[in-house]
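Residue-level listing of the chains:
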Amino acid sequence: MRRTLHHFHAAVFALAVCCLTYTPATAKQSRRPVLTDRLTAFFKQQLQKQEEAISHGRAAFINYAWDYDAMPMDRPLRTKDIDNVSKTVWKAWCMANTQISQPGTTGLPTLHPLAEAAPADWALPQTLEPNATMSYYWGKKGGQGDSLHTPLPLFLYLHGSGPRDSEWAVGKRLSERFDDAPSLYFIPRIPNEGEYYRWWQVSKQYAWERLLRLALCYPQTDANRIYVFGISEGGYGSQRLASFYADYWAAAGPMAGGEPLRNAPPENCANIGFSLLTGERDRGFYRNLLTERAKEAFDSLQITVNARLATDSLFTHRIALQKGMGHGINYSLDTPWLKTFRRNPWPKHVMWEDYAMDGRHRRAFYNISVEKRPAADDDARTAYSMDIAGDTIFMSICNVNYTVVERDPTWGIELKTTKQYHQASGGRIKLFLNRHLADLNRPIVLVINGKVRYEGKPNISTANLVESCLLWYDPYRLFPAAVTVDY
């Protein structure tokens, strides 16, 4: 069981006091290498423990919690030291990932031009999916004279549901031709085939999180230019992943798809570019109709939310039916639009519908970590809304209930739904902050559902940097400050 936050900080503070018994000059020279080595060992241990836990069952992956109490040391953190200590934490994290990742097996292989890239394989955990190997291409397009450390956009392409080898081969050829160079590409082959076998299921979630974890440590990945897109079944998959992992993408571009909106809540895409292109005559599984419903939802959110916040920057989207086209459309229009977007990793306006995808919830989104969900039911949904105005953070936290208004009589596909929101209670969140979100030297006020839940200066510590690294493994989301509140 996880100890209380009070015990955790008491323990790491005691260790910090011991470390400060050195003379100031000696401590300044020696503390950072010691911290790097100890954190590297800690991160490595945590990653290995996670893999060991997953080997015992699917529930371990769904419910896994990092052991923050095992963190080896902490120290008082001044605001002027945040940048340097953040670099130390990130260096240790990437070193740990390098030490446990075997290139071509659990790690990423050597980068080659995409046209020359050889297939590599990841074996997925047996407990998540028996006998599942995700083969993939990892390659680079253009920019041959660039330094190995020149950051490039990364595209994750998902193929359709035909025979997987031919779909994978077509996807590679298309990806080589798309107008987005210089760029990096990860092109997976779906591990297995079957009647109801999808890109968003839990074994594939494991693969996407491994990809993000490794790619964000990769020196040539631009962490704020990562994109997901795909065609047909890859369109369905990328629409779901767009919503579930929206805080990692700069933009998403499903094509020839069209998910019921319960499966991919558009609210989560408030801060990314979202493109959905489908053929006007693509009536299979109501793809054209569901694409229109997605446009209606995004249009409505763009108008109402932007008006409420007096901005025009949220819910940027391009959702259209291509005239005269069926299931096959003009795929070349996608990546030129996607590549114009850069992620904002610290938005001051966040909307998040926390929902289970194949039985699994995200534990954190942008800078919001869920310490305790307000509803015990795993299928229950919670809507979080955060708006930061100066030193005040306004949050709305509601339970979400869906009502089906229109359903397809043949397959039972939800064609139209409405939502009802009711104020939630009984939960706990941890809100992470940095200087882009708040002045860490000033008191903040946190208002949840109209009530002041916190007022004061947020706690600043190395522990917060480490915890946020484990939550998001993102160099732009190492948060030095945090506030934990019940509501």
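Just so we're clear, the structure is a prediction, and the values are computed from it rather than from any experiment.

### Focus: the overall build of the chain
Within the chain one finds 10 helices and 20 strands. Counting only C-alpha atoms, the chain reaches 75 × 55 × 45 Å along its principal axes. A buried classification covers 57% of the 487 residues belonging to the chain. Here the contacts in the chain between residues at least 6 apart in sequence split such that 73% fall between residues at least 24 apart. Total accessible area on the chain is roughly 20,200 Å²; 52% of this is exposed by carbon and sulfur atoms.

### Concerning the confidence of the model for the chain
When pLDDT is averaged across the chain, the result is 92; 92% of the residues are at 70 or more. Across residues 1-29, where pLDDT falls below 50, the model places 29 contacts with residues more than four positions away in sequence or in other chains.

### Regarding the pattern of salt bridges
Applying the stated criterion to the full structure yields 33 salt bridges. Note that Asp282 is salt-bridged to Arg287, the shortest N-O span being 2.9 Å. Summarising the burial analysis for this pair, Asp282 and Arg287 share the class buried. The partner of Lys430 in a salt bridge is Glu467, with the nearest N and O atoms 2.7 Å apart. Placement of the pair is Lys430 in strand β16 (residues 428-433) and Glu467 in helix α10 (residues 462-472), with a sequence separation of 37 residues. Comparing Lys430 with Glu467, the two get one shared label, buried. A cluster of three or more residues bridged by salt bridges with shared partners is formed by Asp247, Arg343, Arg362, Asp474 and Arg477.

### Some remarks on the packing of helix α4 (residues 82-100) against helix α6 (residues 202-217)
Interaxial distance between α4 and α6 falls to 10 Å at its minimum, and their mutual angle equals 120°. The angle between α4 and α6 places the two elements in the oblique class. As α4 runs across α6, the sense of the crossing is left-handed. Here α4 contributes Trp90, Trp93, Cys94, Asn97 and Ile100 to the contact with α6, which in turn contributes Arg213, Leu214, Leu216 and Cys217. Looking at side-chain class alone, the contact of α4 with α6 contains 7 nonpolar, 1 polar and 1 charged residues.

### Structural notes on unusual backbone geometry
With an omega of -5°, the peptide bond between Ala181 and Pro182 qualifies as cis. Here Pro182 lies in the loop between α5 (164-177) and β5 (183-188). Located in the positive-phi region is Tyr286, a residue other than glycine, with phi close to 60°. Topologically, Tyr286 is positioned in the loop between β8 (273-279) and α8 (287-309). Given the relative accessible area of 24%, Tyr286 is considered partly exposed. The residue Ala310 is not glycine, and still its phi comes out positive at about 55°.

### Brief notes about the packing of aromatic side chains
Counted according to the given criterion, the structure contains 33 aromatic pairs. Here Phe155 and Tyr185 contribute two aromatic rings whose centre-to-centre distance is 5.3 Å and whose plane-to-plane angle is 20°, an arrangement assigned as stacked. Within this pair, whereas Phe155 is found in strand β4 (residues 152-158), its partner Tyr185 is found in strand β5, the two being separated by 30 residues in sequence. Ring plane angle 75° and centroid distance 5.6 Å describe the contact between Phe244 and Tyr355, whose orientation is recorded as edge-to-face.

### Re the packing of α4 against α10
Packing of α4 against α10 leaves a shortest axis separation of 10 Å and a crossing angle of 40°. One way to sum up the angle between α4 and α10 is to call them oblique. Between α4 and α10 the crossing geometry is right-handed. On the side of α4, the interface is formed by Val85, Ser86, Val89, Trp90 and Trp93, while α10 contributes Thr462, Leu465, Val466, Cys469 and Leu470.

### Quick notes on the nonpolar core
Judged by nonpolar contacts, the single largest core of 121 residues is most densely connected at Phe43, Phe186, Trp208 and Met395. By residue number, the principal contributor to this core is α6, which donates 9 residues. Setting aside its immediate chain neighbours within four residues, Met395 contacts Ile368, Tyr384, Ser385, Met386, Ile429, Leu431, Leu446, Val447, Ile448 and Asn449. Residues Phe229, Ala250, Ala251 and Met255 belong to the second largest nonpolar core, which totals 22 residues.

Cut-off values and rules
- Think of each chain on its own: its residues are numbered from 1, step by step along the sequence as written.
- Note on the predicted model: pLDDT of at least 70 is required for a residue's local features to be given, and 80 or more for side-chain atom pairs to be given and counted; whole-chain, interface and lining totals, by contrast, use all residues.
- Only hydrogens and water are set aside; all other atoms, that is, all heavy atoms of the structure, feed into the side-chain values.
- Only runs of H or I of at least four residues qualify as helices and only runs of E of at least two qualify as strands under DSSP, and these elements are numbered from the N terminus.
- Type-normalised accessible area, obtained with a 1.4 Å probe on protein chains alone, sets the label of each residue: buried when under 20%, exposed when over 50%, and partly exposed for intermediate values.
- Between two residues, a contact is recorded if the distance between any of their heavy atoms is within 4.5 Å.
- Note that accessible areas follow from Shrake-Rupley with a 1.4 Å probe, and for residues the cover is restricted to the protein chains shown.
- Residue-level confidence of the predictor, termed pLDDT, takes values from 0 up to 100.
- We define a salt bridge as a side-chain nitrogen of Lys or Arg found within 4 Å of a carboxyl oxygen belonging to Asp or Glu.
- To get an axis, a line is fitted to the C-alpha atoms, and for a helix only the part in contact is used. The angle between two axes follows their N-to-C directions and goes from 0 to 180 degrees.
- Working rule for angles: under 35 degrees goes down as roughly parallel, over 145 as roughly antiparallel, 65 to 115 as roughly perpendicular, anything else as oblique.
- Helix crossings are classified by the rotation of the near helix relative to the far one: an anticlockwise turn of less than a right angle makes the crossing left-handed, while a clockwise turn makes it right-handed.
- Ten residues, namely Ala, Val, Leu, Ile, Met, Phe, Trp, Tyr, Cys and Pro, are considered nonpolar, four, namely Asp, Glu, Lys and Arg, are considered charged, and the remaining ones, Gly among them, are considered polar.
- Stacked, edge-to-face and tilted labels apply to pairs of Phe, Tyr and Trp rings (six-membered ring for Trp) whose centres lie within 6.5 Å, assigned for plane angles under 30 degrees, over 60, and everything in between, in that order.
- Definition of nonpolar core: a set of buried residues of the types Ala, Val, Leu, Ile, Met, Phe, Trp, Tyr and Cys, connected through side-chain atoms within 4.5 Å.

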